[in-house]
Amino acid sequence: MSTPPSSATEDATTPEPFFNLPSGTVRFWVLVNGQFVGSSIRREILHYRYHATQTDDDPMVTYSANMAEIHAAVRRRVAKGSIEPVMLRDADIQAAPRT
């Protein structure tokens, strides 16, 4: 796990998420048990989970709009024993079943 800069709040110290073009992933950090955990999620996963019918969605906008759910998925993975870097998969943030 990465060591965060010395500050008490996640918002003030969290490194900025960014889109890594060569890997096609949004890379970001999540505060888990006082430590920043480097994580990533592929553009395709964001697209099919949140904007499957669109053709012009931006992975960074999608990540920002769904950050709470995505960060919760990272925390679940870490709780189950995943180590850094956590690479979220389809199963980590599946769409809720339709009723």
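Residues numbered from 1 in each chain as written. Predicted model: local features only at pLDDT ≥ 70, side-chain atom pairs only at ≥ 80, totals over all residues. Heavy atoms only, no water.

**Observations regarding the overall build of the chain**
Heads up, the condition is: Strands are runs of DSSP state E lasting at least two residues, helices are runs of H or I lasting at least four, and both sets are numbered from the N terminus onward. Should any heavy atoms of two residues lie within 4.5 Å, those residues are considered in contact. Areas reported as accessible are Shrake-Rupley estimates using a 1.4 Å probe. Residue values count occlusion only from the protein chains shown.
For the chain, the count of helices and strands is four helices and four strands. The order of helices and strands in the chain, counted from the N terminus, is α-β-β-β-α-α-α-β. A sequence separation of at least 24 residues applies to 47% of the contacts in the chain between residues at least 6 apart. Surface summary for the chain: the accessible area is close to 6400 Å², and the carbon and sulfur share equals 54%.

**Remarks on the sheet that holds strand β1 (residues 18-20)**
This is how it is decided: When DSSP finds two or more bridges between a pair of strands, those strands are recorded as paired. Under this scheme, a helix contributes an axis fitted over its contacting stretch, all axes are lines through C-alpha atoms, and angles between N-to-C directions fall in the 0 to 180 degree range.
With respect to topology, four strands assemble into an open sheet ordered β1-β2-β3-β4, the strand pairing being mixed. Each edge of the open sheet is held by one strand with a lone partner, namely β1 and β4 (86-88). Taking the axes of each pair of neighbouring strands and ignoring which way they run, one obtains an average angle of 35° across the sheet. Of the pairings in the sheet, the one linking strand β2 (residues 25-32) to strand β3 (residues 35-42) comprises eight bridges and is antiparallel in character. Counted as the bridge partner of Val 32 is Gln 35 from β3. The sheet contacts of helix α2 (residues 43-50) involve β1, β2, β3 and β4, and relative to β3 the element is tilted by about 75°. Lying over the sheet, helix α4 (residues 67-79) contacts β2, β3 and β4, oriented at roughly 65° with respect to β2.

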